[in-house]
Amino acid sequence: SILVTILFNLGEMATATESLDEATFEVLGVELGYKVQMVSPEDEDKELLEGFGLDLEQELADEDDGDLEIRPPVVTVMGHVDHGKTRLLDAIRQTNVTAGEAGGITQHIGAYQIWTEHDGHERAITFIDTPGHEAFTAMRARGAQVTDIAILVVAADDGIMPQTVEALNHAQAAGVPIVVAVNKIDKPDANPARVRQQLTEYGLVAEEYGGDVMFVDVSARENIGIQDLLDAVLLTADAGLDLRANPNKDARGVAIEAKLDKGRGSVATVLIQSGTLRVGDAIVAGTAYGRVRAMMDENGDAVEEAAPARPVQVQGLNSVPRAGDTFLVTDEDRMARQIAEKREAAARNAQLAKARKRISLEDFTRA
Ligand code: GTP
Ligand code: MG
């Protein structure tokens, strides 16, 4: 029949009972003169929010240049297992020029901000401190782009490994500039030149080789090159990224990680992307909603408000959002609750549709 012929041309080797994936379904529709409309979950959520008078894209587009203020870069550390991501994040945290004196115990809240001196100025950098690029991938899958710059950690003794390639592919696909940290240079068998050589094959050509990627030799263990790495991050940020946001409006951002705490209930680390989040604000994050009861920074200190690029741990949501869920402040508690409930309903419908989506060719023929 005609249907089967079309599918053969698509390389699908279809039989009359096989189910079709979305792309095939779409092409099939075109061939038969139907318009097949696929609605992504992001589009659906956008529509849902528009129903509440919230058009976040329009909001950003409408902002005047004068509303925007410089914000710190948000950095994710990625790389192969054991190449030193955690150790490097620890070393970076210790360089914080404002920490230490207070003797505060550093809390793990999934992200932290440090202050460093760069070119005679104190500058902040936000690091997302979640395990590897899984979080990055999970967030990207939900349409949340939180990272401005990726640090790709490569152990100088090991060279590039499968997850190094995976990580750089993710960063490149997201259009995020990469700074390469060639780690473990304290090791006797370290070969930083080889790392540079290997990465040229993936389009990451070091400045000293005529390319435009900054490579910094570091030892997270011996605390070598950490300041140079921070400088490279800020140089990359200043070179081509327009990192500005409007702090004077209701906060919008992304949940980085969240958990249920015995005493405190739902605690979610959120990264503010625009606006300022304040204690008492009504918020919705994915399908979780509530009022910000308290906020805490990476030093365990209570904070009253959080500006763009600031990560804070938020208490007061009624449930635990997922990593990558967007959050926003609403005018009233009621609106936050209604958005959450509509999302719940949409998620339920999507589940049902998924069960129904495996439309067989037979059904299609009959229709
Ligand atoms: P996963 O989270 O498992 O992917 O690993 P990771 O990339 O976070 O690596 P981690 O920081 O846990 O470091 C792995 C091992 O390498 C640990 O034993 C570290 O002590 C060691 N290590 C990290 N950085 C250095 C370094 O600069 N020099 C040396 N000699 N060892 C290092
Ligand atoms: Mg680790």
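Residues numbered from 1 in each chain as written. Chains lettered and ligands numbered in written order. Predicted model: local features only at pLDDT ≥ 70, side-chain atom pairs only at ≥ 80, totals over all residues. Heavy atoms only, no water.

Not every one of the 15 residues close to ligand 1 is listed here, only the nearest: Lys-85, Thr-86, Arg-87, Asp-186 and Ala-220. Separating an oxygen atom of ligand 1 from a backbone N or O atom of Arg-87 is a distance of 2.8 Å. Between an oxygen atom of ligand 1 and a side-chain N or O atom of Asn-183, the distance comes to 3.1 Å. Protein contacts shield 71% of the accessible area of ligand 1, which totals 650 Å² for the unbound molecule. (Near = heavy atom within 4 Å. Polar contact = N/O pair within 3.5 Å; in protein donor to acceptor, adjacent residues only side chain to side chain. Areas by Shrake-Rupley, 256 points an atom, 1.4 Å probe, with all protein chains shown as cover.)

Before going further, it helps to examine the packing of helix H5 (residues 85-94) against helix H9 (residues 226-240). It is the contact of H5 with H9, at a shortest axis distance of 10 Å, that shows an interaxial angle of 90°. Considering their axes alone, H5 and H9 lie roughly perpendicular with respect to each other. Between H5, through Leu-88, Ala-91 and Ile-92, and H9, the contact on the second element is made entirely by Ile-226, Leu-229 and Leu-230. (Axes fitted to C-alpha atoms, helices over the stretch in contact; angles between N-to-C directions. Helix = DSSP H or I, 4+ residues; strand = E, 2+ residues; numbered from the N terminus. Parallel < 35°, antiparallel > 145°, perpendicular 65-115°, else oblique. Contact = heavy atoms within 4.5 Å.)

Before going further, it helps to examine the pairing of strand S10 (residues 265-274). Most of S10 is tucked away: eight of the ten residues are buried. Linking strand S9 (residues 252-261) back to S10 in an antiparallel pair, the connection comprises three residues. Sheet topology note: the S10/strand S15 (residues 311-317) ladder contains six bridges and is antiparallel. Bridge assignment links Val-270 to a residue of S15, and that residue is Val-312. (Buried < 20%, exposed > 50% of the residue type's maximum accessible area, 1.4 Å probe, protein only. Pairing = 2+ DSSP bridges.)

Another point: the pattern of salt bridges. Evaluation of the coordinates by the stated rule reveals 24 salt bridges. The closest approach of N and O atoms between Lys-249 and Glu-63, which form a salt bridge, is 2.9 Å. Separated by 186 residues along the polypeptide, Lys-249 in the loop between strand S8 (244-245) and S9 and Glu-63 in the loop between helix H4 (56-61) and strand S1 (69-70) bring together distant segments of the chain. For Lys-249, a relative accessible area of 17% corresponds to the buried category. On the basis of relative accessible area, Glu-63 is assigned to the buried category, the value being 15%. A salt bridge links Arg-221 to Glu-222, with the shortest nitrogen-to-oxygen separation between them at 3.2 Å. (Salt bridge = Lys/Arg side-chain N within 4 Å of Asp/Glu carboxyl O.)

A few words on the side chain of Gln-313. Along the polypeptide, Gln-313 turns up in strand S15. Judged by relative accessible area, Gln-313 falls into the buried class, the value being 6%. Setting aside chain neighbours within four positions, we find Gln-313 in contact with Ile-109, Arg-264, Val-267, Ala-268, Thr-269, Ala-294, Met-295 and Met-296.

Right, let's get into the environment of Tyr-289. One can find Tyr-289 in strand S13 (residues 288-296). A C-alpha to C-alpha distance of 15 Å links Tyr-289 and Asp-250, two positions 39 residues apart in sequence. Leave out the neighbours within four places in its chain, and Tyr-289 touches Ile-283, Val-284, Gly-316, Leu-317, Asn-318, Ala-336, Arg-337 and Ala-340.

Let's shift gears to the nonpolar core. For soluble globular proteins, nonpolar side chains are generally found buried alongside one another. Leu-88, Ile-92, Ile-125, Phe-127, Ile-151 and Leu-229 are the most contacted members of the largest nonpolar core, which totals 27 residues. Residue contributions to this core peak at seven residues, all from H9. Val-154, Val-165, Leu-168 and Val-176 belong to the second largest nonpolar core, which has 21 residues in total. (Core = buried A, V, L, I, M, F, W, Y, C linked by side-chain atoms within 4.5 Å.)

For the rest of this paragraph, the subject is the sheet that holds strand S12 (residues 282-285). In any sheet, the strands associate via hydrogen bonds between backbone groups, in a parallel or an antiparallel arrangement. Pairing is antiparallel in the closed barrel, where six strands are placed in the order S9-S10-S15-S13-S12-S16. The average undirected angle you get between the axes of adjacent strands in this sheet is 45°. Across nine bridges, the pairing between S9 and S10 is antiparallel. Residue pairing across strands places Arg-252 opposite Ser-274, the latter belonging to S10.

Looking at the protein as a whole, its pLDDT mean stands at 86, while 82% of the residues score no less than 70. Low confidence marks residues 11-17, where pLDDT is under 50. Its contacts with residues over four positions away, or in another chain, come to 14 contacts. Considering only residues more than four positions removed or in separate chains, one finds that residues 100-104, a stretch of pLDDT under 50, has zero contacts. Among the prediction metrics, the complex's ipTM stands at 0.99, with pTM recorded as 0.85. (pLDDT = per-residue confidence, 0-100.)

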